[in-house]
Amino acid sequence: MAKELGPSIVPQSIQDAHKAAIIFLAFPFSAHKDIAKQFKDWNSRIVVDVTNGFRVAPGELGDRLSSEVISEAFVGARVVKAFNHLPAEQLGTNPSEHQPQAVFLSSNDAHGSATIAAVASQLGFAPIELGRLDQGGVPLHVVSGKPGGLLLQNLVKLG
């Protein structure tokens, strides 16, 4: 996989990732419990949830959004839902530098969300804050079998 991703991506162990200030969860949603339980406390790390709970039975989520479930599993983390509304191959496919691609953020932690918004801006995206996980996340999730209005939308901010 490292060869496929290129020389600018360096694979890290879960122990090394746990030391980072910002951690991107880039694995299938179904693996979240196994990853989260690697550590008792995620020590206020900003954990960016890029997972999607596709094909997850609603009962498994307990009438919550998948990002709320992630937030509960990663004890002590400041979870920010971001970069998950587009397939990976569409991220960064801006029409031009004057029309940055929108990236939606949702979090219960305002500072964590602001930090990831700044990272998104540095990467050339236009961050759009949607609010708390249980509210702002609704447009980015499948709820009762229906996708939210922003899920899988490739939007740009006109400069």
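Residues numbered from 1 in each chain as written. Predicted model: local features only at pLDDT ≥ 70, side-chain atom pairs only at ≥ 80, totals over all residues. Heavy atoms only, no water.

## Observations regarding the nonpolar core
- Ranked by internal contacts, the top residues of the largest apolar core, which has 16 residues, are Leu 25, Trp 42 and Phe 74.
- Listed in part, the eleven residues of the second largest apolar core include Ala 82, Phe 83, Ala 120 and Phe 125. (Core = buried A, V, L, I, M, F, W, Y, C linked by side-chain atoms within 4.5 Å. Buried < 20%, exposed > 50% of the residue type's maximum accessible area, 1.4 Å probe, protein only.)

## Some details on the pattern of salt bridges
- Scanning the model with the defined rule gives six salt bridges in all.
- Asp 49 is the salt-bridge partner of Lys 81, the closest N and O atoms lying 3.1 Å from each other. Of this pair, Lys 81 sits in strand S3 (residues 78-82) while Asp 49 is found in strand S2 (residues 46-49), placing the two residues 32 residues apart along the sequence. (Salt bridge = Lys/Arg side-chain N within 4 Å of Asp/Glu carboxyl O. Helix = DSSP H or I, 4+ residues; strand = E, 2+ residues; numbered from the N terminus.)

## Some points on unusual backbone geometry
- Even without being glycine, Ser 44 reaches a positive phi, approximately 60 degrees.
- Owing to a relative accessible area of 47%, Ser 44 belongs among the partly exposed residues under this scheme.
- One non-glycine residue, Phe 83, lies in positive phi territory at about 60 degrees.
- In this structure, Phe 83 sits in the loop between S3 and strand S4 (102-107).

## Some remarks on the packing of aromatic side chains
- The final tally for this structure, using the stated rule, is four aromatic pairs.
- Members of the aromatic cluster, connected to one another through ring pairs, are Phe 24, Phe 83 and Phe 125. (Phe/Tyr/Trp six-rings, centres within 6.5 Å; stacked < 30°, edge-to-face > 60°.)

## Observations concerning helix H6 (residues 110-122)
- Counted at 1.5 Å a residue, the expected span for H6 with its 13 residues is 18 Å, and the 18 Å between its end C-alpha atoms agrees.
- Taken residue by residue, H6 has Gly 112, Ser 113, Ile 116, Ala 117 and Ala 120 as its buried positions. Taken end-on, H6 shows its buried residues confined to a sector of 140 degrees, consistent with a single buried face. Residues of H6 that are exposed and point more than 90 degrees away from the buried face comprise His 111 and Gln 122.
- Note on H6: the residue one or two positions beyond its end, Gly 124, has a positive phi of about 95 degrees. (Expected span 1.5 Å × (residues − 1). Arc of directions from axis to C-beta.)

## Thoughts on the pairing of S3
- Taking burial as the measure, the five residues of S3 include four buried ones, the bulk of the element.
- As paired strands, S2 and S3 are joined by four bridges and run parallel to one another. Its bridge partner being in S3, Val 47 is matched across the sheet by Val 79.
- The pairing of S3 with S4 spans three bridges and is antiparallel. Residue Val 80 lies in a different strand from S4, and its bridge partner there is Ser 107. (Pairing = 2+ DSSP bridges.)

## Digging into helix H5 (residues 66-73)
- Of all the positions in H5, only Ser 66, Ser 67, Val 69 and Ile 70 are classed as buried. All buried residues of H5 lie within an arc of 155 degrees about the axis, which places them on one face of the element.

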